[in-house]
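Chain by chain, the residues run as shown.
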Amino acid sequence: MVDSQYYLPNDIGISPLDCAEAFRQLSPKEKLYAHYLSRAAWYGGLVVLLQTSPESASIYVLLQKLFRRQPPAQLEGVATAAGLSPEEYQAFLVYAAGLYANMGNYKSFGDTKFIPNLPKDKLKALVWQSQAFQESPTEMEALWNNCGQLMYSLEDKQKQLGLGDKGITTYFSGNCCLEDAELAQKFLDSKNLSAYNTRLFKEEGAEGKRCYQVRLASAEKKDSSADGEGETRCGRYEFEDAVFHVRRGDYAPLMKKVSDNLDKAKTYAANESQQRMLEEYVRSFTYGSVDAHKEGSRHWIKDKGPIVESYIGFIESYRDPFGSRGEFEGFVAVVNKSMSARFAKLVSSAEVLLPQLPWPPAFEKDNFLRPDFTSLDVLTFAGSGIPAGINIPNYDDIRQTEGFKNVSLGNVLAVAYSTQKEKLTFLEENDKDMYIKWKSPSFEVQVGLHELLGHGSGKLFVQDEKGNFNFERDSVRNPETGELISSWYKGSETWDSKFSTIASSYEECRAECVGLYLCLNKEVLSIFGHEGTDAEDVIYVNWLTMVRAGLLGLEFYTPESKSWRQAHMQARFVILRVLLEAGEGLVTLQERTGSDGRPDALITLDRSKVHTVGKSAIQRFLCKLQVHKSTADVDGGRALYEGYSAVSSTGSHDFLRLRETVLLRKEARKMFVQANTQVKGEGVELVDYEGSAAGLISSFTERFPEDAEEVEAQLLELNKRDAPCWC
């Protein structure tokens, strides 16, 4: 693997997320509501440090103590005295900014470790000469000893996140393997327990039985039933040849701060739906109840078109190597009214567009549940990274029968995908100009279709606990085979629990294909204001973006373990393979030598064949994806998806060699600087920071003004308690 992928470059793009105008338009009550929701999100976001790696929390505390005593400009003099060059000090600032932006020392997009791009002894010298060290030498030395070695380690297992010998994970204790994860999932399913807010720890067993601790994230530490909780799920269970202890109290002090701030936000809620939503979230984070979080999500769905939108909890399962446990995430955002009006038109057209998808009517939901679809300017997004669009909640049972919401994050889109021509790789010059002109408008269309009609479409065939089916068994046929449906989801089985390790990427691929397929529709493009030749340019750039992204996706494949580290990029590579396989010159991919004499590649798309060869290929593939998903056909789905996901040096393209070229010419993913909010008197003020590593660092050192040291002590205590589990 190429060493440079483990460093963040000194010239990495760092942009502020502008929400000043959106925030200014809020009423005093709405600002207070947004403030306390943001506080809850930021405290909860610290959980991600503990979900990422054994050393992330210690590195975070070390950095906080350094920069709280001496901000970046002041620490620069210390760095010079310690022997660091200006480039080395900048590399340290970029590393610190990366740690904050990713909430850990593994990239949120790709799950690769990143290390400081300066010698370890120079960084140690800087720490030793800092004011923080002069004031508390014993404490700072202990912190360095806890994380210094692991901060720089690039042993094979520590290069990426993964389970067992494939990488590092703190969702499972170090002695867990895939077999343990599968057994735990079967146990959780048998008790109708969700894995979303859990971690699994394998313990010393008695009487020859395997023994596991399933730990629930909660402020409450006692396992006995508590007032306001309802029936507790905690206790000892025997399952197959193992014993499971379900306990709570994971991340307890942080969950308490999340709950306290949600409780404060409730005072400023705009309506009863928001109040009841927050009450259920508080119950969820207090007792470790996913059922309460589901109930809160139901109230959230009912809160249509709020001015201040938010969602919080253990949400996305991309980084759990098994694909079932959620990473903590919380966002607060303000509605962008003009953009939201376009999305409202798309929602209104959904009932006309859904029947155009390439599967029989029986494979679509019985009723289209009109979702909210809004464009938001992000005020706060706490977690490991910030997406461009979201479709939530992720609970299948709620999405199937009660609905969901879609959000497009406008101020993220505005800066995340802006590209300089000289940094555009693997495209012809004419395509580069077209790409720069139409990338943002085409991505807006793709995000809308991906979230609303991608994730929002398709039916799961289910037999409930009473034996009832949600489809006609004696008449619904598999369009691929012509046979009656022979498999389905039973009882508490879900999409995530059945398809586990491929579920996230497979679903992203399905949603991306829906976007590609439906963007060919003139009505859709008209909704977004694109007509005539402009509309054709948007289609072309959307498809061109996808095939280029499929090539770029090779960065996120690890040959040593034959595994993918990023769900969306795996999905885009799969789509590239499908379109290459379509043949007829639709997509061409050639290796060549660049003007600098180094390996390069060129990818082209024949725009005259997009509506014919391209549409046909996506139509066939999309139908297969949906059929396997609807019918819980794990074996068929895996064979299809893993076949296209395979990266090899044989066949018409040497993808392993192309991967080296992609790594050679990759551009680092941008980082975002977010504002803080502060209560001043009876109002709330927004505090902005410059778009630089120093600005990003300052935003975090000022994020917890009242209780930074208390929170850091709690993080270290939680980290210390679990330290023996990672060996």
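Residues numbered from 1 in each chain as written. Predicted model: local features only at pLDDT ≥ 70, side-chain atom pairs only at ≥ 80, totals over all residues. Heavy atoms only, no water.

1. Observations concerning the pattern of salt bridges
- Inspection of every chain in the model, using the stated rule, returns 54 salt bridges.
- A salt bridge links lysine 65 to glutamate 139; the shortest N-O distance between them is 3.3 Å. Remark: glutamate 139 occurs in helix α9 (residues 137-152) and lysine 65 occurs in helix α4 (residues 56-69); sequence separation between them is 74 residues.
- Relative accessible area serves as the criterion here: at 35%, glutamate 139 is assigned to the partly exposed category.
- In this structure, the salt-bridge partner of glutamate 507 is arginine 510, at a minimum N-O distance of 2.9 Å. With glutamate 507 and arginine 510 both in helix α18 (residues 495-518) and three residues apart, this pair spans about one turn of that helix.
- Residues participating in the shared-partner salt-bridge network are Arg199, Arg215, Asp250, Arg721 and Asp722. (Salt bridge = Lys/Arg side-chain N within 4 Å of Asp/Glu carboxyl O. Helix = DSSP H or I, 4+ residues; strand = E, 2+ residues; numbered from the N terminus. Buried < 20%, exposed > 50% of the residue type's maximum accessible area, 1.4 Å probe, protein only.)

2. Regarding the packing of helix α2 (residues 28-45) against helix α11 (residues 252-266)
- One way to put it is that α2 packs onto α11 with a least axis distance of 8 Å and a crossing angle of 170°. For the element pair α2 / α11, the angle class is roughly antiparallel. Judged by residue contacts, Tyr33, Tyr36, Leu37, Arg39, Ala40, Tyr43 and Gly44 of α2 engage Leu254, Lys257, Val258, Asn261, Leu262, Lys264 and Ala265 from α11.
- Of the residues belonging to the contact of α2 with α11, the class tally is nine nonpolar, two polar and three charged. (Axes fitted to C-alpha atoms, helices over the stretch in contact; angles between N-to-C directions. Parallel < 35°, antiparallel > 145°, perpendicular 65-115°, else oblique. Contact = heavy atoms within 4.5 Å. Nonpolar A, V, L, I, M, F, W, Y, C, P; charged D, E, K, R; others polar.)

3. Observations concerning helix α7 (residues 120-129)
- Every buried residue belonging to α7 is among Leu123, Leu126 and Val127, and all of these are buried. The buried residues of α7 all sit within an arc of 100° when viewed along its axis, so they share a single face.
- Lining the buried residues of α7 we find α4, α5 (72-81), α6 (86-102), α8 (131-135) and α9. (Arc of directions from axis to C-beta.)

4. Remarks on the side chain of serine 563
- Inspection of the secondary structure puts serine 563 in strand β14 (residues 563-564).
- A polar side-chain atom of serine 563 sits 2.5 Å from a polar atom in the side chain of serine 561.
- Contact partners of serine 563, with chain neighbours within four places excluded, come to Phe556, Tyr557 and Thr558. (Polar contact = N/O pair within 3.5 Å; in protein donor to acceptor, adjacent residues only side chain to side chain.)

5. A short note on the packing of aromatic side chains
- Throughout the structure, instances matching the rule amount to 39 aromatic pairs.
- Connected via pairs of aromatic rings, a cluster forms that spans Tyr251, Tyr281, Phe285, Trp300, Tyr311, Phe314 and Phe328.
- Taking NZ or CZ as reference, lysine 124 lies 4.9 Å from the ring centre of tryptophan 128, over its face.
- Directly above the aromatic system of tryptophan 42 lies the positively charged group of arginine 703, at a separation of 3.7 Å from the ring centroid. (Phe/Tyr/Trp six-rings, centres within 6.5 Å; stacked < 30°, edge-to-face > 60°. Lys NZ or Arg CZ within 6 Å of the ring centre and 35° of its normal.)

6. Brief notes about the UniProt feature "active site" (unreviewed entry) in the protein chain
- As recorded in UniProt, the feature "active site" (unreviewed entry) lies at Glu451.
- For glutamate 451, the position within the fold is in helix α17 (residues 429-454). (UniProt positions renumbered as here; feature names shortened; annotations may be inferred.)

7. What to know about the sheet that holds strand β4 (residues 235-239)
- Here four strands make up an open sheet; going across it, the order is β2-β3-β5-β4 and the pairing mixed. The open sheet terminates on both sides in strands that have one partner only, identified here as β2 (198-203) and β4. Averaged over neighbouring strand pairs, the angle between their axes works out to 25° when direction is ignored.
- Note: β2 against strand β3 (residues 210-217), six bridges, orientation antiparallel. The residue bridging lysine 202 from the neighbouring strand is tyrosine 212, located in β3. (Pairing = 2+ DSSP bridges.)

8. A word on the packing of α4 against α9
- Where α4 contacts α9, the two axes come as close as 9 Å, and the packing angle between them is 130°. As far as their axial angle goes, α9 and α4 are oblique. Read as a crossing pair, α4 and α9 show a hand that is left-handed. For the pair α4 and α9, the contacting residues are Ser58, Ile59, Val61, Leu62, Lys65 and Leu66 in the first and Glu139, Met140, Leu143, Trp144, Asn146, Cys147 and Met151 in the second.
- Per-class residue counts for the contact of α4 with α9 are nine nonpolar, two polar and two charged. (Left-handed = near helix turned anticlockwise from the far one by under 90°.)

9. Looking at the sheet that holds strand β9 (residues 389-392)
- Strand order in the open sheet formed by five strands is β6-β7-β8-β10-β9, and the pairing between neighbours is mixed. Single-partner strands in this sheet number two, and they are β6 (308-316) and β9. When the angles between neighbouring strand axes are averaged without regard to direction, this sheet yields 35°.
- Relative to strand β10 (residues 405-409), strand β8 (residues 372-382) runs parallel, the two being bridged by five bridges. In the strand pairing of β10, aspartate 372 is matched with lysine 405.

10. Here we look at helix α14 (residues 337-353)
- With 17 residues, α14 extends 24 Å between its outermost C-alpha atoms, agreeing within 8% with the 24 Å of an ideal straight helix rising 1.5 Å per residue.
- Taking the largest bend as the criterion, α14 deviates by roughly 25°, centred on valine 347.
- When we look at burial in α14, the residues that qualify are Met339, Ser340, Phe343, Leu346, Val347, Ser349, Ala350 and Leu353.
- Those residues of α14 hidden inside the fold are in contact with β7 (327-335), β8, β10, α17, α18 and α19 (522-527). (Expected span 1.5 Å × (residues − 1). Bend = angle between axes of the 7 residues up to and from the residue.)

11. What about the pairing of strand β19 (residues 683-687)?
- Sheet topology note: the strand β18 (residues 676-680)/β19 ladder contains five bridges and is antiparallel. Considered in β19, the bridge of valine 679 is made with valine 684.
- Taking the residues that link successive antiparallel strands as the turn, the β18-β19 hairpin has two residues, and the phi of glycine 681 there is positive, at about 65°.

12. Some remarks on the side chain of aspartate 496
- One can find aspartate 496 in helix α18.
- The side chain of aspartate 496 sits in the buried core without any salt bridge; lysine 629 is the nearest counter-charge, 8.5 Å away.
- Beyond its immediate chain neighbours, meaning those up to four positions away, aspartate 496 contacts Tyr196, Ser317, Gly323, Ser324, Asp396 and Ala503. (Lys, Arg positive; Asp, Glu negative; His and termini not counted.)

13. Topic: the nonpolar core
- The biggest cluster of nonpolar side chains holds 116 residues, and the ones touching the most others in it are Tyr60, Phe67, Phe92, Met255 and Leu262.
- If near-sequence neighbours (up to four positions away) are discounted, phenylalanine 67 is found in contact with Pro72, Leu75, Tyr89, Phe92, Leu93, Ala96, Tyr100, Ile697 and Thr701. (Core = buried A, V, L, I, M, F, W, Y, C linked by side-chain atoms within 4.5 Å.)

14. As for unusual backbone geometry
- Phi at glutamate 240 is positive, roughly 50°, even though this residue is not glycine.
- Considering the arrangement of structural elements, one finds glutamate 240 in the loop between β4 and β5 (242-250).
- Even without being glycine, lysine 562 reaches a positive phi, approximately 50°.
- Taking the relative accessible area as the measure of exposure, lysine 562 reaches 68% and is therefore exposed.

15. Remarks on the pairing of β8
- The element β8 is largely enclosed, with a buried count of eleven among its eleven residues.
- Here six bridges tie β7 to β8, and the two strands are oriented antiparallel to one another. When the sheet's bridge partners are listed, phenylalanine 331 is paired in β8 with phenylalanine 381.

16. Regarding the UniProt feature "binding site: Zn(2+)" (unreviewed entry) in the protein chain
- Look at the UniProt record and you will see "binding site: Zn(2+)" (unreviewed entry) annotated at His450, His455 and Glu508. Look at the named residues: they lie 59 residues apart in sequence, but the longest C-alpha span between them is just 8.4 Å, so in the fold they bunch up.
- When you line up the elements, histidine 455 lands in the loop between α17 and β11 (462-463).
- Ignoring anything within four residues of it in the chain, the contact list for histidine 455 reads Asn391, Arg399, His450, Glu507, Glu508, Arg510 and Ala511.
- You can see glutamate 508 is positioned in helix α18.
- Taking relative accessible area as the criterion, glutamate 508 reaches 5% and is therefore assigned buried.
- Only 2.8 Å separates the side chain of glutamate 508 from the side chain of tyrosine 318, close enough to count as a polar contact.

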